[in-house]
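Report on the structure
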Amino acid sequence: MNSEALEQSTETAQLTVTTSPKWERRAVIDLSAIRNNVKQVADLVAPSAVMAVVKADGYGHGALQVANAALQAGATWIGCAHVTEALALRKAGIDSAMLAWLHTEDTPFDEAILAGIDLGVSGWDLDAIAQAAQRVETPARIHIKVDTGLGRNGSTMADLPGQLQRANEYQEAGLLRVVGIFSHLAVADEPERPETDEQLAVFEQAIELIEAAGFDLEVRHIANTPGILSRPDSHHDMVRLGLGLYGLSPFEDEAPDKFALRPAMKLITRVANVKKVPAGQGVSYGLNYRTSEETYLGLIPMGYADGLPRVATGGPVTVNGKTYPVRGRIAMDQCVIDLGPEVNPEDFIGKEAIIFGEGGQSVNTWAHAAGTINYEVVTRISPRVPRFYVEGSWGEAGE
Ligand SMILES: *Cc1c(COP(=O)(O)O)cnc(C)c1O
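Since we're looking at a predicted model, the values are computed, not measured.

Glancing now at the site of the ligand. Every residue close to the ligand is listed here: Lys55, Tyr59, Trp101, Lys145, His184, Asn224, Thr225, Pro226, Arg240, Gly242, Leu243 and Tyr375. Here a nitrogen atom of the ligand sits 2.8 Å away from a polar atom, N or O, in the side chain of Arg240. Relative to its unbound accessible surface of 390 Å², the ligand loses 94% to contact with the protein. Comparing atom positions with the cavity grids shows the ligand to sit within the largest pocket. Contributions of two or more residues to the shell around the ligand are made by helix H2 (55–59) and helix H9 (225–230).

Right under this line is the structure:
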C-alpha cells in the first residue's frame, strides 16, 4: 500500500500531498480501482469508446481526480450533466472531449462553446445554442438527444424530423456541427424487462433518420452502466460509464466482482466513545431502541449531515473486524452501535469504524437499510467528509 494520501484543495482544485493528516471522518478513494474499472469496461466494450461520467462531483468521489484517473486508464470522453460541471473540469486542466446534456436558460452556452464542450440538445436548447455560437463566433458541437422511452429529456420521435431540419439549417449557416446522437435507457438494470429492446429499436430508427438527413456523425451512444454490463447490443460507438466507474453494480443481485469491478470508496471514521449502560437504556432521539441487557454502546461520529441516510437504522458499521448494526435513530452528527456486554472499551475507543468499503460492508448494505440505491448513498456523502486519494489498498490510509 502507498501510505501517502492525496488531498484535494477545493480552492485550487489541485492535488496536494499530505503525509500524516489527522482525520476524524473521511472518504478514501482508491484511484487504482477507478483505473481498473475503466480498463475492465474498455475491454468489454472495445472497439466502442468509453465516456467517464463524473457528474455530481464524480458520484461523490471527486470529479477532477476521477476524470484524471479515468483518462489515464483509457477513457476518451468525460460526461457531466451540467455545463458548469464540465467548465470546472476544463478550468482545472481536463482537455479531453467532454459532453454536458442538462440545460436551462441560464446555462452558460457561450462559455461552453468557447471551452470546446460538446452539448446535448433536446429541444429549445438548439436555438439557444445557435444564438450563443453566433455571439462567440464559434460553431457549437452538438449531440442530438432522442427520447426513446425514458420520458425525460430528448426529442420525441415525432419531434425529431423537425429538430433535424432546424439543426441542418444552423449547420449550413456555420453555427454548429451535429457530431452525435444519443439516448438514455430506463430499465436496463432489470435485464428481463422488454422495454430495453424497444428503446434500442427506437434508437436504431433515430440513427437511420439522422444519417438519412446527411449528418456525418462521430458518435452514437445510449448505454449506461447497466446497458454496458448486460446489453452488448447497446454499446454502439461509445458507452457512458457512471456507476461502474466507481466499482458499484447496478443490479440488485449481482455484486461488482462478477464484472471484475472494484468499489473505489471507503467511508470511515473512528469510534468516538464507548460506555457501559444498563438494560433498558434508550438510544438516540425517540428512544426507539432499548438495550436488552447491560451492555456497551459505541458512539460513531457520523450522521445525516455527513450523508448517512437518516432512515438507515440498522446500517452496518464494522469495528475490529466485526459488523454492528446502527441502533436507534441516526442523528445529524452521530449514531450508536451496541457492542454487547463482553467488550473492553479500551479496545474500541479511537478504532477505525468502517461505514462501507474494504474491510467493512458494501455500499449496497447501506442502500438496503435506507430503502434506496447505491447511487444515492455515495452521491450524498456530504462536503463535511474530506476525500482522500490513495493508490491501491487502503489500510488505515494516511496514518
Ligand atoms: C448519469 C448518466 C449516465 C451514467 O449512468 P450510470 O447508470 O451511472 O452508468 C449516463 N448517461 C446519462 C445521460 C446520465 O444522466
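Right, let's get into the side chain of Arg35. Secondary-structure assignment places Arg35 in helix H1 (residues 31–45). Of the residues examined, Arg35 reaches a relative accessible area of 17% and is grouped as buried. If sequence neighbours within four positions are ignored, Arg35 has contacts with Ala69, Gln72, Ala73 and Glu391.

By volume, the largest pocket is sized at about 1,000 Å³. What lines the largest pocket is a set of 44 residues, among which Tyr59, His184, Asn224, Ile373 and Tyr375 lie closest to the centre. Among the elements of the structure, H2, H9, helix H10 (363–370) and helix H11 (374–379) are those that each provide at least two residues to the lining of the largest pocket. Residue composition of the lining of the largest pocket, by class: 20 nonpolar, 12 polar and 12 charged. Both domain 1 (31–245) and domain 2 (265–390) contribute no fewer than three residues apiece to the lining of the largest pocket. Computed from the structure, the second largest pocket encloses a volume of approximately 280 Å³. For the second largest pocket, the lining is made up of 21 residues, of which Arg262, Pro263, Gly357, Glu358 and Ser362 are closest to its centre.

Residues given the UniProt feature "domain: Alanine racemase C-terminal" (unreviewed entry) here are residues 264–390. The span residues 264–390 carries 11% helix and 36% strand; its end-to-end C-alpha distance comes to 10 Å.

The next subject is the environment of Tyr59. Within the secondary structure, Tyr59 is located in helix H2. Relative accessible area serves as the criterion here: at 8%, Tyr59 is assigned to the buried category. Other than its neighbours up to four places away in sequence, Tyr59 contacts Val53, Gly242, Leu243, Tyr246, Tyr375, Val378 and Thr379.

The final tally for this structure, using the stated rule, is 22 salt bridges. Two residues, Arg25 and Glu24, come together in a salt bridge whose shortest N-O distance is 3.2 Å. Look at Glu24 and you get exposed, because its relative accessible area is 53%. A salt bridge links Arg135 to Asp110, with the nearest nitrogen and oxygen atoms 2.8 Å apart. In this pair, Arg135 is assigned in helix H6 (residues 125–136) and Asp110 in helix H5 (residues 109–114), connecting sequence segments 25 residues apart. Given a relative accessible area of 55%, Arg135 falls into the exposed group. The exposure class assigned to Asp110 is partly exposed, which follows from its relative accessible area of 22%. In this structure, a network of salt bridges that share partners links the residues Glu24, Arg25, Asp306, Asp333 and Arg384.

This next bit is on the domain arrangement of the chain. The assigned domain composition of the chain is domain 1 (31–245) and domain 2 (265–390). Computed from C-alpha coordinates alone, the two centres of domain 1 and domain 2 are separated by 38 Å. Contacts between domain 1 and domain 2 engage 10 residues on the former and eight residues on the latter. Interface area for domain 1 against domain 2, summed over the two sides, is near 850 Å², with a carbon-plus-sulfur share of 62%. Taken together, the links from domain 1 to domain 2 amount to zero salt bridges. Elements supplying a minimum of two residues to the side of domain 1 that touches domain 2: H1 and H2. Here the residues of the side of domain 1 that touches domain 2 are counted per class, giving five nonpolar, five polar and no charged.

Within the secondary structure, Asn36 is located in helix H1. Relative accessible area serves as the criterion here: at 16%, Asn36 is assigned to the buried category. Beyond its immediate stretch of four places on either side in the chain, Asn36 contacts Ala260, Leu261 and Arg262.

By secondary structure assignment, the location of Ala212 is in helix H8 (residues 195–212). The sequence separation of Ala212 and Lys39 amounts to 173 residues, and the corresponding C-alpha distance is 35 Å.

This part takes up the packing of H1 against helix H3 (residues 63–72). Their axes nearest at 8 Å, the elements H1 and H3 cross at an angle of 45°. Overall, the two elements H1 and H3 adopt an arrangement that is oblique. Judged by the sense of rotation from one axis to the other, the crossing of H1 with H3 is right-handed. Contacts between H1 and H3 pair Leu31, Ile34, Arg35 and Val38 from the former with Gln65, Val66, Ala69, Ala70 and Gln72 from the latter. Per-class residue counts for the contact of H1 with H3 are six nonpolar, two polar and one charged.

Conventions we followed
Residues numbered from 1 in each chain as written. Predicted model: local features only at pLDDT ≥ 70, side-chain atom pairs only at ≥ 80, totals over all residues. Heavy atoms only, no water. Near = heavy atom within 4 Å. Polar contact = N/O pair within 3.5 Å; in protein donor to acceptor, adjacent residues only side chain to side chain. Areas by Shrake-Rupley, 256 points an atom, 1.4 Å probe, with all protein chains shown as cover. 1 Å grid on protein atoms, 1.4 Å probe; cavity = no way out; pocket = protein on both sides within 12 Å on 5 of 7 lines; lining within 4 Å. Sits in = over half its atoms within 2 Å of the grid points. Helix = DSSP H or I, 4+ residues; strand = E, 2+ residues; numbered from the N terminus. Buried < 20%, exposed > 50% of the residue type's maximum accessible area, 1.4 Å probe, protein only. Contact = heavy atoms within 4.5 Å. Points joined across faces, edges and corners; volume = space filled by probe spheres on them. Nonpolar A, V, L, I, M, F, W, Y, C, P; charged D, E, K, R; others polar. Domains from an automatic or database assignment. UniProt positions renumbered as here; feature names shortened; annotations may be inferred. Salt bridge = Lys/Arg side-chain N within 4 Å of Asp/Glu carboxyl O. Buried area = accessible area lost by both parts, 1.4 Å probe. Axes fitted to C-alpha atoms, helices over the stretch in contact; angles between N-to-C directions. Parallel < 35°, antiparallel > 145°, perpendicular 65-115°, else oblique. Left-handed = near helix turned anticlockwise from the far one by under 90°.

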